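Understanding the architecture of this molecule
Listed below, chain by chain, are the residues.
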Amino acid sequence: MKSTIALIYDFDGTLTPGSMQEYTILPEIGVKPNSFWKEVNDEVKKTGAESVMTYMRLTLKKAAEKDIPVTAARFRSQAGKIRYFKGVPAFFKAINRYSAKTNGRLSALKHYIISGGLKEILVGTSIAKNFNNIFACEYYYDEYGKAVFPKVVVNSTMKTQYIFRINKGKEDPSESINEHMDENKRPVPFKNMLYIGDGMTDVPSMAVIKKNGGRAIAVYKPKDTRGYRTCKELLKAGRVDFIAEADYREGSQLVKYIKLIIDTMSAEIKYSEELAAHKAKNSSR
Ligand SMILES: [Mg+2]
């Protein structure tokens, strides 16, 4: 049986230069992104509110003020406006092909998004088809299809829950992940996980994966000195293995690191196979 290697991506700032809301719902309801995020941050500071819940609530409040109903269809239809970093749309197919060609006997790739953004937007994107699963925030919709309340909240620490779900093969949120499962029974071992993120909100995910033997890469927007500084801090603190410009085109430094990590994981898989076969062959008395 082939082993699974999971590539797990943050979305905003990792696959896209901006946040998904600033391409979609915010212009739709006529709100300037900078003032919106400032209002979110101010409220978080002032009231001690949870920041993801705050942006979800303020989105609904701003839309209501303009009399614009927020529906799942509206989110999905706006997803086409999202701009990606260079190479993103073609990257997934290309890396799958590379992996199949070089390590096909040993491993197969799966791709996941774990995002603090909105799932309805993500499932409407052109790149959604590349992912095995997308974990993100969701609204509860009333009988008229209007978003009225947060149903699923994914903040930076809650992201780690989904890493365990991938690890244990319990991706359906109705399944409990708290029962013990032997490490060797888990369909995606942590050591076969690569996490790609862009900042401090990815630290809990990077920490969980790195501490359990997996790998992480931090990316920054080309020419963004602040982003580069954040990435250097993550590298210094041992949160990530590599840092690179968010350029997903063939031959970029980032893609080279991703390939190196996939090759290393596949070599490790081969090593374990050899070891097990060797032990089995020489175990008879
Ligand atoms: Mg991000």
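Below is a summary of the structure that appears in this document.

The rules behind the values
- Residues numbered from 1 in each chain as written.
- Predicted model: local features only at pLDDT ≥ 70, side-chain atom pairs only at ≥ 80, totals over all residues.
- Heavy atoms only, no water.
- Patch = residues over 30% accessible without salt bridge, like charges linked within 9 Å, V, L, I, M, F, W, Y side chains within 5 Å.
- Areas by Shrake-Rupley, 256 points an atom, 1.4 Å probe, with all protein chains shown as cover.
- Salt bridge = Lys/Arg side-chain N within 4 Å of Asp/Glu carboxyl O.
- Helix = DSSP H or I, 4+ residues; strand = E, 2+ residues; numbered from the N terminus.
- Buried < 20%, exposed > 50% of the residue type's maximum accessible area, 1.4 Å probe, protein only.
- Core = buried A, V, L, I, M, F, W, Y, C linked by side-chain atoms within 4.5 Å.
- Contact = heavy atoms within 4.5 Å.
- Pairing = 2+ DSSP bridges.
- Axes fitted to C-alpha atoms, helices over the stretch in contact; angles between N-to-C directions.
- Donors = N, O, S within 2.8 Å, 3.2 Å for Na, K, Ca; no water.
- Lys, Arg positive; Asp, Glu negative; His and termini not counted.
- Charge placed at Lys NZ, Arg CZ, Asp CG, Glu CD.
- Parallel < 35°, antiparallel > 145°, perpendicular 65-115°, else oblique.
- Left-handed = near helix turned anticlockwise from the far one by under 90°.
- Nonpolar A, V, L, I, M, F, W, Y, C, P; charged D, E, K, R; others polar.

**Structural notes on a nonpolar patch on the surface**
- Together, Tyr140, Val148 and Phe149 give the surface a local cluster of nonpolar side chains, amounting to about 320 Å² of exposed area.
- Within the element layout of this structure, Tyr140 appears in strand E3 (residues 133–141).
- Residue classification places Tyr140 among the partly exposed residues on the basis of a relative accessible area of 47%.

**Some details on the nonpolar core**
- Of all hydrophobic cores here, the largest spans 87 residues; its most connected members are Leu15, Tyr248 and Ile258.
- Broken down by element, this core gets its largest block of residues, 8 residues, from helix H11 (residues 253–281).
- In contact with Leu15, other than residues within four places in its own chain, are Tyr9, Asp10, Tyr84, Phe85, Val88, Phe92, Ile113, Ile127, Phe131 and Tyr248.

**Looking at the sheet that holds strand E4 (residues 147–152)**
- Spatially, the 7 strands line up as an open sheet ordered E4-E3-E2-E1-E5-E6-E7, and their pairing is mixed. Only two strands of the sheet have a single partner each, and these edge strands are E4 and strand E7 (242–245). Here the average twist between neighbouring strands, direction ignored, is 25°.
- Bridging between E3 and E4 involves 4 bridges; their strand directions are antiparallel. Its bridge partner lying in E4, Tyr139 is registered against Pro150.
- Docked against the sheet, helix H8 (residues 159–168) engages strand E1 (3–9), strand E2 (107–118), E3, E4 and strand E5 (193–197), running at close to 155° with respect to E2.

**Section: helix H9 (residues 203–211)**
- Among the 9 residues in H9, 7 count as buried, and that is most of the element.
- Listed as buried for H9 are Val203, Pro204, Ser205, Met206, Ala207, Val208 and Ile209.
- Where H9 is buried, its residues contact E1, H8, E5, strand E6 (215–220) and helix H10 (225–236).
- A positive phi of about 95° marks Gly213, the residue just after H9.

**Observations regarding the coordination of the magnesium ion**
- Note on the magnesium ion: its protein donors are Asp10 (OD), Asp12 (O) and Asp198 (OD). The metal-donor distances range over 2.2 Å.
- Sequence spacing among the residues donating to the magnesium ion works out to D-x1-D-x185-D. With Asp12 in the loop between E1 and helix H1 (20–23) and Asp198 in the loop between E5 and H9, this residue pair connects regions lying 186 residues apart in the sequence.
- Note on Asp198: relative accessible area 24%, which makes it partly exposed.

**With respect to a positive patch on the surface**
- A surface patch of like charges, here positive, comprises Lys93, Arg97, Lys101 and Lys129.
- Its location among the elements puts Lys101 in helix H6 (residues 88–103).
- The class for Lys101 is exposed, based on a relative accessible area of 76%.

**With respect to the packing of helix H3 (residues 33–47) against helix H4 (residues 51–65)**
- Running from amino to carboxyl end, H3 crosses H4 at an angle of 125°, the nearest separation of the two axes being 9 Å. Classified by the interaxial angle, the pair formed by H3 and H4 is oblique. H3 and H4 meet at a crossing whose hand is right-handed. Contact residues: H3 offers Phe36, Trp37, Glu39, Val40, Glu43 and Val44, while H4 offers Ser51, Thr54, Tyr55, Arg57, Leu58, Thr59, Lys61 and Lys62.
- Looking at the contact of H3 with H4 residue by residue, the classes come out as 6 nonpolar, 3 polar and 5 charged.

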